[in-house]
Amino acid sequence: MHRPVSARRAPTPRSLLAGFAAAALGLLANNASAAKPNFQMPFACNQTWYGDTYPGHGLRYAVDLNHKLRPLSDGDLGSPVVASAGGKATTYNPHPGTGYGKLVVIDHGGGWTTWYAHLDSIAIANGANVNQGQKIGTLGKTTRPGNSISAHLHYEQRLNNDDQKIVWNGSTIVYDQYEVAYKSRNSCGTSPGGVTGTVRTAGSPLNVRSGPGTTYSIVGSRANGASVSIRCQKAGESVSGTYGTSNIWNNIAPAGSNQYIPDAYTYTGSDGRVAPDC
């Protein structure tokens, strides 16, 4: 993950993080794994970025990302970095004793986390709930004192703190190659009014309620497979559905209105919150 500014294509392992114990970050893994979120690239919709992977890269399945091709430089410094999926963020500014520098880790539930290292700046508060596609910081080259790297994003996907092969938009990235081009689909289908979700039932329409629970009046319905715009979310009655048990309810109405559907029947690409509190 460590890019000497003078490097062009030399495959020298950037292994400053090799052997780094995940426990040192103070993150507790969730022992119960869940379905993988619908991870997207950590950059805005339709942007093309180039990924480098190689065997000596600290964590085996991490990827280094630059917007511009070699020779490596600081040309990408300050580029916006966004969340691959919704979840709760932990920030380190910087993390002490490691080469990650300024770091954001997003917990997506079910043991899944994504890691965004070497940031130049962090745009969210520690403990904040973030949406898929939300800006979390800017690309940088922060690292441990005395180390020199060129600007890039070091990115990881982990399950219960074990690094996993990275998947974006349902496809696994290419490994052991430099300068592989990837085009972001992050939030390309999100409407301006909120985060896009999809109703998933066994086939029947899903009741829309006036509040976050089944005791509230029915004010409409949405067909199985219908796309909805989630303006905000609220804790309410726990409901068991297609995606397990959850007390999160999604408000799919414009501002000033209340139309709620249970998150347990809504596909959002995350097990956690993806929209602000109502």
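Residues numbered from 1 in each chain as written. Predicted model: local features only at pLDDT ≥ 70, side-chain atom pairs only at ≥ 80, totals over all residues. Heavy atoms only, no water.

Asks: Please explain unusual backbone geometry as it appears in this structure.
Replies: Negative phi is the rule for most residues except glycine; trans is the rule for most peptide bonds. Each neighbour pair has its own omega, and for N93 with P94 the value is -5°, a cis peptide bond. You will see that N46, though not glycine, has its phi angle at about 75°, which is positive. Structurally, the position occupied by N46 is in the segment before β1 (48-52). With a phi angle near 75°, N161 is a residue other than glycine that sits in the positive phi range. Position of N161 relative to the elements: it lies in the loop between β10 (153-159) and β11 (162-163). (Helix = DSSP H or I, 4+ residues; strand = E, 2+ residues; numbered from the N terminus.)

Asks: Help me understand the sheet that holds strand β7 (residues 121-122), please; the structure alone is not making it clear to me.
Replies: The strands making up a sheet associate through backbone hydrogen bonding, with each pair oriented either parallel or antiparallel. Taken together, three strands build an open sheet; the order of strands is β3-β9-β7 and the sheet is antiparallel. Whereas interior strands pair on both sides, the edge strands pair on one side only; in this sheet they are β3 (80-82) and β7. Two strands pair when backbone bridges link them, and β3 and strand β9 (residues 135-138) are joined in this way by three bridges, in the antiparallel orientation. Each bridged residue has a counterpart across the sheet, and for V81 the counterpart in β9 is G137. (Pairing = 2+ DSSP bridges.)

Asks: What am I meant to see in the sheet that holds strand β22 (residues 266-267) here?
Replies: The antiparallel open sheet is built from three strands, whose spatial order is β18-β15-β22. In the strand order of this sheet, the two ends are held by β18 (227-230) and β22, each with one partner. Summarising the sheet, strand β15 (residues 195-199) and β22 pair through two bridges and their orientation is antiparallel. Residue pairing for β22: V199 is matched across the bridge by T266.

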